[in-house]
Amino acid sequence: MRFANQVAIVTGAGRGIGRAIALRLANEGARIAIVSRTEKNSIAVAEEINAKHLGLAKPYAVDVADHAAVQKLCGQILEDFTRVDVLVNNAGVTKDGLSMRMSPEDWDTVIATNLKGAFNFYQGVVRAMMKQRSGRIINIASVSGLMGNAGQANYAASKAGLIAFTKVIARELASRGITANSVAPGFIATDMTDVLPEKIKEEVIKEIPVGRFGDGEDIAAAVAFLASGEAKYITGQTLSVDGGMVMM
Ligand code: NAP
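Residues numbered from 1 in each chain as written. Predicted model: local features only at pLDDT ≥ 70, side-chain atom pairs only at ≥ 80, totals over all residues. Heavy atoms only, no water.

Looking at the overall build of the protein chain
1) Next: If you tally the helices and strands in the protein chain, you get 9 helices and 7 strands.
2) Next: Relative to a compact globule of 248 residues, whose C-alpha radius of gyration would be 18 Å, the protein chain shows 17 Å and is just as compact.
3) Next: Dimensions along the principal axes, computed over C-alpha positions, put the protein chain at roughly 45 × 35 × 35 Å.
4) Next: With 248 residues in all, the protein chain has 50% of them scored as buried.
5) Next: For the protein chain, the accessible surface area stands at approximately 11,800 Å², while carbon and sulfur atoms represent 54% of it.
6) Next: Looking at charge distribution, the protein chain has the averaged site of its 27 positive side-chain charges lying 7 Å from that of its 25 negative ones. (Helix = DSSP H or I, 4+ residues; strand = E, 2+ residues; numbered from the N terminus. Rg over C-alpha atoms; globule rule 2.2 N^0.38 Å. Buried < 20%, exposed > 50% of the residue type's maximum accessible area, 1.4 Å probe, protein only. Areas by Shrake-Rupley, 256 points an atom, 1.4 Å probe, with all protein chains shown as cover. Lys, Arg positive; Asp, Glu negative; His and termini not counted. Charge placed at Lys NZ, Arg CZ, Asp CG, Glu CD.)

Below, the structure written as structure tokens:
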């Protein structure tokens with residue numbers, strides 16, 4: 001029960017990796033704000049958690065890209081839970097296409113969701129964490145942001161930006177007892193990768209030393225470690241959880 005008496009916000013927790021992170025933190029005792037864009041998805045995950053651990057989870061719906069709405073929501077979450085110990089910026093989208101043909105709308109949507117969305121939640125909680133003189137911020141990046149990936153100019157730029165943003169806030173907040181780290185998943189079996197054609201999946205698997213896609217629990221385990229007291233001397237880092245795809 002590493003997170004007993006702690007409060008965590010997980011964005012994009014209505015499905016996939018975010019859902020796995022929320023379940024993991026709740027299983028270890030955290031009270032959780034489940035944030036998704038689609039209300040029914042956050043309600044379903046909150047109900048799933050509350051069925052096992054009564055009253056631990058509360059669902060919220062917001063577009064993470066909307067700065068004003070996110071500030072309002074963070075105020076609401078702080079009112080509901082009175083504190084916030086862990087922020088996991090996990091909400092993300094892909095809008096893939098070759099860079100020379102990519103529409104400015106697809107560029108903007110991905111940057112606004114994946115990069116600005118994290119900045120928005122950060123601004124919504126950072127003052128509360130500073131007052132507490134403790135906090136853990138974990139941003140879900142991607143191998144794409146470390147090595148680039150053809151067809152993902154917008155996505156790779158958003159994730160590389162997220163890694164740089166994490167390093168900046170890690171430096172700014174270290175003296176306040178707050179750490180900030182990134183987790184860079186490789187290919188994880190979720191709705192996001194389910195849409196890939198079988199042929200592409202086979203090609204991708206050839207590039208993964210362990211020879212398979214990961215699952216949400218693999219990412220959740222890394223997030224739980226970085227969010228725990230055991231990681232108190234780790235900040236500004238990027239932890240790849242990718243079956244060995246990127247080795248630095
Ligand atoms: P997913 O199954 O597509 O789920 C994405 C989640 O993000 C959903 O809960 C979705 O909300 C939420 N979301 C998307 N746009 C949002 C917005 N504007 N406002 C609020 N919530 C929004 O994706 P996933 O595979 O779990 O990915 C989670 C994170 O891991 C993403 O940041 C992704 O880039 C990263 N990642 C994934 C992989 C992979 O292989 N799957 C690899 C590397 C990195 P709704 O449920 O309401 O739609």
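From this point, the discussion proceeds with the structure in view.
Observations regarding unusual backbone geometry
1) Next: For Asn5, which is not glycine, the phi dihedral falls at a positive 65°.
2) Next: Tracing the sequence through the fold places Asn5 in the segment before strand S1 (7-11).
3) Next: Classification of Asn5 by relative accessible area gives exposed; the value is 70%.
4) Next: The phi torsion at Arg133 lies on the positive side, around 60°, for a residue other than glycine.
5) Next: Assignment of secondary structure puts Arg133 in the loop between helix H4 (104-132) and strand S5 (135-140).
6) Next: A residue is classified by how much of its surface remains accessible, and Arg133, at 49% relative accessible area, is partly exposed.

Some remarks on the nonpolar core
1) Next: Ranked by size, the top nonpolar core spans 34 residues in total, and within it Ile21, Leu25, Ile32, Ile34, Ile49 and Ile219 carry the most contacts.
2) Next: Going through the elements one at a time, S1, helix H1 (16-27), strand S2 (31-36), helix H2 (39-52), strand S4 (86-89), S5 and helix H9 (216-227) are the ones with two or more residues in this core.
3) Next: With residues near it in sequence (within four places) discarded, Leu25 still touches Phe3, Ala8, Val10, Ala30, Ile32, Val88 and Ala224.
4) Next: If you look at the next biggest cluster of nonpolar residues, it comprises 30 residues, including Val70, Leu87, Val125 and Ile169. (Core = buried A, V, L, I, M, F, W, Y, C linked by side-chain atoms within 4.5 Å. Contact = heavy atoms within 4.5 Å.)

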